[in-house]
Amino acid sequence: MAAPAASVPASRRTLGRDRRQEALAGYGLVAVPMLLFLVFQIGSIFFAIYISLWKWGPLGPTGLNPFRGIRNYQTILSDPIFWKAITNILYYAVIWVPLTMAIGLFLAVIVNQKIRGQTFFRASFYFPAIASSAAITTLFIFIMGPEGLFNGVRQALGVNPIFSLFGFPSNYNWLGESRTAMNSIIILNAWTTSGTFMLFYLASLQSISHEVYEAAAIDGANAWQTFWRVTFPLLRPGHYFVATVAVIGALQLFDQAIFVGGSGGEPNNALTTPVLFLYRAAISDFNFGYAAAVGVILLVLIMAATLIQRRLFGQAPSW
Amino acid sequence: MTAPAPASAATPVSLAPQASGTAAVASQPVGDRGARTRRILAYVLLIGYALLMFVPFLWTVVTSFKTSPDAVRLTFIPDPITLEGWNAAFNGLSPGLIQLFFNSALIAAVVTVTNVLLGAMAGYAFARLRFPGRELLFILVLATLMIPDQMRLVPVYQVLVFLGLVNDNPTNYLGVVVVLAISASSIFLIRQYFLTIPRDLEEAAKIDGAGFFTTFWRVMLPLATPALAAVAILQFQGTWNGFFWPLIVLQTPDH
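Residues numbered from 1 in each chain as written. Chains lettered and ligands numbered in written order. Predicted model: local features only at pLDDT ≥ 70, side-chain atom pairs only at ≥ 80, totals over all residues.

### What to know about the overall build of chain A
Stated precisely, the cut-off is as follows: Each helix is a run of H or I in the DSSP string that is no shorter than four residues. Each strand is a run of E no shorter than two, and both are numbered from the N terminus. C-alpha atoms define the radius of gyration, and 2.2 Å times the number of residues to the power 0.38 defines the globule rule. Put plainly, a residue is buried at 20 or more neighbouring C-beta atoms within 10 Å of its own, exposed at 12 or fewer, and partly exposed in between, counting only other residues' C-beta atoms, which are placed from the backbone. Two residues form a contact once the distance between their C-beta atoms, set from the backbone, is within 7 Å.
The helix and strand tally for chain A stands at 14 helices and 2 strands. Relative to the compact-globule value of 20 Å for 319 residues, chain A shows a C-alpha radius of gyration of 26 Å, a clear excess of over 25%. Looking at the 319 residues of chain A, the share that counts as buried comes to 37%. Long-range contacts, defined as pairs at least 24 residues apart, comprise 68% of the intrachain contacts of chain A with a sequence gap of at least 6.

Structure, rendered in structure tokens:
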């Protein structure tokens, strides 16, 4: 693939020129995208690490003695709010990822059957996924408020005695109380994202050959056995892909948290996530060095999670 | 509603009906009556779940025509029907709703065009042209998929400040655009599609005396229309719904 040497036999000279032109065309076509990637993606990692070692404001290093070394990291790791954010996000990830994967897989298996109105069901299950996080969270705040649709429906259904058994009054504010705020966000995101996971699983389901199902049928397996013994294990690449995407997404929870709880992660930091913590340091406190350090920690966390999953579930998917 | 069905290159799923293996197993005769009851029960559950997906949206539309005291009531017909809410949304905001929609549409349209154009260029080069360092550059592109947006917040914001693309209308729009101008997934999707196009077509073009750019522009690009359309749809929807980068870069009252 290397460019040909300077002196080539006359017969091969045109070929060499061709090669050189091809390489030039290649560099020309990738130049602009690669420049943008280098500045805004690859370069930003190194720049973030550099900034994280300083006391840094919007206009560069600030203060008399701006170099802080690893002290930004020390401050973060001894901040109880940061640990609250980590606990919150781990709780969210541990519940939301399996829940949403299970719903997505269930929906995919259902709409993969020969059923009437298959297109309608696929479209309607995917429907919440196309709404923007801003629009759907606003809608959700409206539904879960003290006088919202959810409280109205349980009133109309007469199930309030059951709810009061658990200490929820009839005008309970689901997003405004710390013990239910994060759980409500989990339900919101399971609702909106299960359609996307359904699509991923559908792609994976359709790559399973019909022959294995025929073999299972000949062996007398019922639908339940076929699912657990044949479909589920054969979906392994699909599980790996969906789980990876889900965990990376979960650790970056931000939009819904800031819409519901503002930049303070209200109520009572129940909705403070690492990204919200980072946002607060950067935009509210203009403490860029500190925020960059949080970003580096987040990057390490996400890469660690991705590597652990790779170890646990093995090979990357083939598609 | 545009379900991203044309995105066949990335997710080989269409929303069209398709026979499947599990169906053959599931619909084995179990006895006519039992099967029918189960079937009806299954449809009731499916329709119920589909309604659960739709009702909140329907509820929002209905409520938008209600008066404030009526809005908390659990009725599906507004009484009285009013356009107050719509009036407030269109005339009560500053800047106006039309302006806000225009902002989103403008940014989404520009970002879609740059992604399709730059994605096609880089996708073609990575799929077809041979040049030293190609594999390394492509791995770098893919690696960017792992970098969380939020980690980039501070350095990218800082670079945009250096370039003078923050806080200064209208150049801050340019700031959002350069950050989102090209994504690795656009390049990847288009590259994968180019790989499936037979080489014969390029060779024919070459014999006819076309150079690399002519071949790319006149022969390959038209053939890649499905992939370009998929990228355009995904990018437009993603950018239109985007919140994070506009929030960061357009931190002025007039976003």
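That covers the picture; the talk isn't over yet.
### Considering the overall build of chain B
Tallying secondary structure elements over chain B gives 13 helices and 0 strands in all. Along chain B, from the amino end to the carboxyl end, the secondary structure elements read α-α-α-α-α-α-α-α-α-α-α-α-α. Counting the 255 residues in chain B, one finds 32% classified as buried.

### Quick word on the packing of helix 3 (residues 80–111) of chain A against helix 8 (residues 178–205) of chain A
All names here are of chain A. Going by this rule: Fitting a line to C-alpha atoms yields each axis, with helices limited to the stretch in contact; the angle taken between N-to-C directions then spans 0 to 180 degrees. Angle categories are assigned with fixed cut-offs, so that under 35 degrees is roughly parallel, over 145 is roughly antiparallel, 65 to 115 is roughly perpendicular, and the rest are oblique. The crossing is said to be left-handed when, going from far helix to near helix, the turn is anticlockwise and less than a right angle, and right-handed when the turn is clockwise. Amino acid classes used here: Ala, Val, Leu, Ile, Met, Phe, Trp, Tyr, Cys and Pro are nonpolar; Asp, Glu, Lys and Arg are charged; the rest, including Gly, are polar.
Viewed as axis vectors pointing N to C, helix 3 and helix 8 meet at an angle of 45°, and their least axial separation amounts to 6 Å. Comparing the axis directions of helix 3 and helix 8 gives the class oblique. Every pair of crossing elements has a handedness; the one defined by helix 3 and helix 8 is right-handed. Here the residues of the contact of helix 3 with helix 8 are counted per class, giving 18 nonpolar, 6 polar and no charged.

### Let's talk about the domain arrangement of chain B
Spelled out, the test is: Domain delimitation follows an automatic or database domain assignment.
Taken domain by domain, chain B comprises domain 1 (32–92) and domain 2 (97–249). The centre of domain 1 of chain B, based on its C-alpha atoms, is set 39 Å off from the matching centre of domain 2 of chain B.

### Some points on the nonpolar core
As a rule of thumb, nonpolar side chains are buried together in soluble globular proteins. As a reminder, the rule being used: Residues of type Ala, Val, Leu, Ile, Met, Phe, Trp, Tyr and Cys that are buried and joined through C-beta atoms within 7 Å form what is called a nonpolar core.
Core analysis: the biggest nonpolar cluster contains 129 residues, and A:Leu278, A:Ala291, A:Val294 and B:Ile190 have the highest contact counts within it. In terms of residue count, the dominant contributor to this core is helix 8 of chain A (12 residues). The contact partners of A:Leu278, leaving out residues within four places of it in the chain, are A:Ala291, A:Val294, A:Gly295, A:Leu298, B:Gln150 and B:Leu153.

### Considering the interface of chain B and chain A
Of the residues lining the interface, 66 residues belong to chain B; the matching set on chain A comes to 80 residues. Within the residue set of the side of chain B that touches chain A, elements represented by two or more residues are helix 1 (21–26), helix 2 (32–63), helix 5 (97–128), helix 6 (134–143), helix 7 (153–162), helix 8 (171–180), helix 11 (212–223) and helix 12 (225–241) of chain B. Split into classes, the residues belonging to the side of chain B that touches chain A amount to 50 nonpolar, 13 polar and 3 charged.

### Things to note about the environment of A:Thr100
All names here are of chain A. You can see Thr100 is positioned in helix 3. Along the chain, Thr100 and Ala221 lie 121 residues apart, while their C-alpha atoms are 28 Å from each other. Look past the residues within four positions of Thr100 in its chain and what remains in contact with it is Ala190, Thr193, Ser194, Phe197 and Ala246.

### A word on the confidence of the model for chain B
For any part of a model where pLDDT is low, the fine detail of the predicted coordinates should not be relied upon. Residues and elements named next belong to chain B. What counts is decided by this rule: pLDDT measures how confident the predictor is about each residue, on a scale from 0 to 100.
Averaged over chain B, the pLDDT score is 79; the fraction of residues at 70 or greater is 82%. Across residues 1–30 the pLDDT falls below 50, and counting only partners more than four positions away or on other chains, this stretch makes 68 contacts in the model. Taken over the whole predicted complex, pTM reads 0.80, whereas the ipTM for its chain interfaces reads 0.75.

### Re the environment of A:Gly195
Residue and element names in this part refer to chain A. If you trace the backbone, Gly195 turns up in helix 8. As for Gly195 and Leu107, which are separated by 88 residues in sequence, their C-alpha atoms are 7.9 Å apart. Residues contacting Gly195, with those up to four places away along its chain left out, are Phe125, Tyr126, Phe127, Pro128 and Ala129.

### Observations concerning the packing of helix 14 (residues 288–313) of chain A against helix 7 of chain B
Relative to each other, helix 14 of chain A and helix 7 of chain B sit at 135°, their axes nearing to 8 Å. Taken together, the axes of helix 14 of chain A and helix 7 of chain B are oblique relative to one another. For the pair helix 14 of chain A and helix 7 of chain B, contact is made by A:Phe288, A:Ala291, A:Ala292 and A:Gly295 and by B:Leu153, B:Val154, B:Pro155 and B:Gln158, respectively. The residue inventory of the contact of helix 14 of chain A with helix 7 of chain B, partitioned by class, reads 6 nonpolar, 2 polar and no charged.

### What about the environment of A:Arg310?
Residues and elements named next belong to chain A. Structurally, the position occupied by Arg310 is in helix 14. We classify Arg310 as partly exposed; it has 13 C-beta atoms within 10 Å. Sequence spacing of Arg310 and Phe241 is 69 residues, and the spatial spacing of their C-alpha atoms is 9.8 Å.

### Some points on unusual backbone geometry
Outside of glycine, negative phi angles account for most residues, and trans bonds account for most peptide bonds. All names here are of chain A. That bond from Glu266 to Pro267 is cis: its omega, -5°, falls within 30 degrees of zero. Mapped onto the elements, Pro267 comes out in the loop between helix 12 (255–261) and helix 13 (274–284). Even without being a glycine, Asn268 presents a positive backbone phi close to 55°. Positionally, Asn268 belongs in the loop between helix 12 and helix 13. For Asn268, a count of 14 C-beta atoms within 10 Å gives the class partly exposed. The residue Phe286 is not glycine, and still its phi comes out positive at about 50°.

### Digging into the confidence of the model for chain A
Residues and elements named next belong to chain A. Summary statistics for chain A give a mean pLDDT of 86 and a share of 93% for residues scoring 70 or more. The weakest mean pLDDT in chain A belongs to strand 2 (residues 60–61) at 83; the strongest belongs to helix 3 at 95. Counting interchain partners and residues more than four positions distant, the pLDDT-below-50 stretch residues 1–6 has 9 contacts.

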